Amino acid sequence: MATTLDVLNRDFAIKGKLHFKEISGGLLVAEVTTLHGKATIALQGAHLMTFQPTGQEPVIWLSELAKFGRGKSIRGGVPVCWPWFGPHATDSKLPGHGYARTVDWRLVQVQSLSDERIRLEFELEESEATRAQWPHRSPVRNIITVGRALEVELATTNAGSEPFTLGDALHTYFTVGDVRRVTVHGLEGYDYLDKVDQGTRKQQVGAVTIGQEVDRIYLNTPSVCEIRDPALQRRIKISSSGSHSTVVWNPWIEKATKMGDFGTDGHLGMLCVETANAAEDVVQLAPGQVHRLVARYEVEPL
Ligand code: BG6
């Protein structure tokens, strides 16, 4: 059952640091303000929508044309792809990237940490509709920590008696000054599946640059990569654990226009670098095991 605004504010608000409000489309949102940064998180999808360190441009991109509504995914922020990434393996009628980003999550815990960080822990609310799409007993939590850096941890438990295969991603949209001038480092020499070339396997030569539609799943990737952004004179460092793949995505103008929620030049100000377990890198989770997909985003001057 969806939580009401009054209950959230009564049980979890922290004066000057955390409160809850309703935005258009009837979505409930947590507004977090710390000394070092601020963020907003929708309870639907446990979807971080914005994050801005104090004195910086936003790190996370949210489309000016993002649509907010019950059961609709939001264009921007950190959508949670779970329990599969991309199209479902066997049933094309099931939603792309799973259902976690469009259902209600319950806020279960808030912590005010000693170094001024605020941590919110959400748990996906199972329902008949979710069980119809995913029969496994697998409680999942999304734990978001806001401070100078942003940390996101997606923790899945296999509470059933059979193993299952899990795909997941933190589908993060980053704000960039001009995507045509950005370089992504850390993926040099790694293989990727090129989704704009029928999934052909290729090898990355040099840093990744964006001058057309890019939709790639890099495989077996390392735990650190970096977006260098000369227009904003900064680099965004992405550190991860529990992730075997990195997805790099920019729809470019034609696809962005078709999507209808990017705006005319929206694609130039964003880049998705997704901390994932996708394609052949999906995770096998045995009964009793917990899988933690963790990403930390921090900004440094270039
Ligand atoms: C990326 C996929 O992760 O997400 C792309 O690799 C996809 O193929 C993109 O287009 C956006 O997906 P959606 O469902 O949010 O429009």
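Residues numbered from 1 in each chain as written. Predicted model: local features only at pLDDT ≥ 70, side-chain atom pairs only at ≥ 80, totals over all residues. Heavy atoms only, no water.

**Student:** Looking at this structure, how should I read the pairing of strand β20 (residues 245-250)?
**Tutor:** Remark: a regular strand shows side chains that alternate across the two faces of the sheet. Most of β20 is tucked away, with 6 of its 6 residues classed as buried. Side chains S245, V247 and W249 of β20 all project onto a buried face; the interleaved residues T246, V248 and N250 project onto the opposite face, where all are buried too. Bridge count for strand β17 (residues 214-218) against β20 is 5 bridges, and the pairing is antiparallel. Considered in β20, the bridge of D215 is made with W249. (Buried < 20%, exposed > 50% of the residue type's maximum accessible area, 1.4 Å probe, protein only. Helix = DSSP H or I, 4+ residues; strand = E, 2+ residues; numbered from the N terminus. Pairing = 2+ DSSP bridges.)

**Student:** Any chance you could explain the site of the ligand here in plain terms?
**Tutor:** The environment of the ligand is made up of R75, F85, H97, R101, H171, K195, D215, V247, W249, K255, M259 and E274. Within the side chain of K195, a nitrogen or oxygen atom sits 3.1 Å from an oxygen atom of the ligand. Between an oxygen atom of the ligand and a side-chain N or O atom of E274, the distance comes to 2.9 Å. Only β20 and α3 (252-259) provide two or more residues apiece to the shell around the ligand. When grouped by side-chain class, the residues that make up the shell around the ligand number 4 nonpolar, 2 polar and 6 charged. (Near = heavy atom within 4 Å. Polar contact = N/O pair within 3.5 Å; in protein donor to acceptor, adjacent residues only side chain to side chain. Nonpolar A, V, L, I, M, F, W, Y, C, P; charged D, E, K, R; others polar.)

**Student:** Quick question: what am I supposed to make of the packing of aromatic side chains here?
**Tutor:** Any two aromatic rings considered together are summarised by their centre-to-centre distance and by the angle between their planes. Under the criterion given, the structure shown has 10 aromatic pairs. Arranged with centres 5.3 Å apart and planes meeting at 80°, the rings of W134 and F164 form a pair that is edge-to-face. Here W134 is found in the loop between α2 (128-133) and β8 (140-146), whereas its partner F164 is found in strand β10 (residues 164-166), with 30 residues between them in sequence. Taking relative accessible area as the criterion, W134 reaches 8% and is therefore assigned buried. Ring geometry for F174 versus Y297: centroids 5.1 Å apart, planes at 80°, classification edge-to-face. Remark: Y297 occurs in strand β23 (residues 290-301) and F174 occurs in strand β12 (residues 173-175); sequence separation between them is 123 residues. Joined through ring pairs, the aromatic side chains of W82, W84, Y99, W134 and F164 make up one cluster. (Phe/Tyr/Trp six-rings, centres within 6.5 Å; stacked < 30°, edge-to-face > 60°.)

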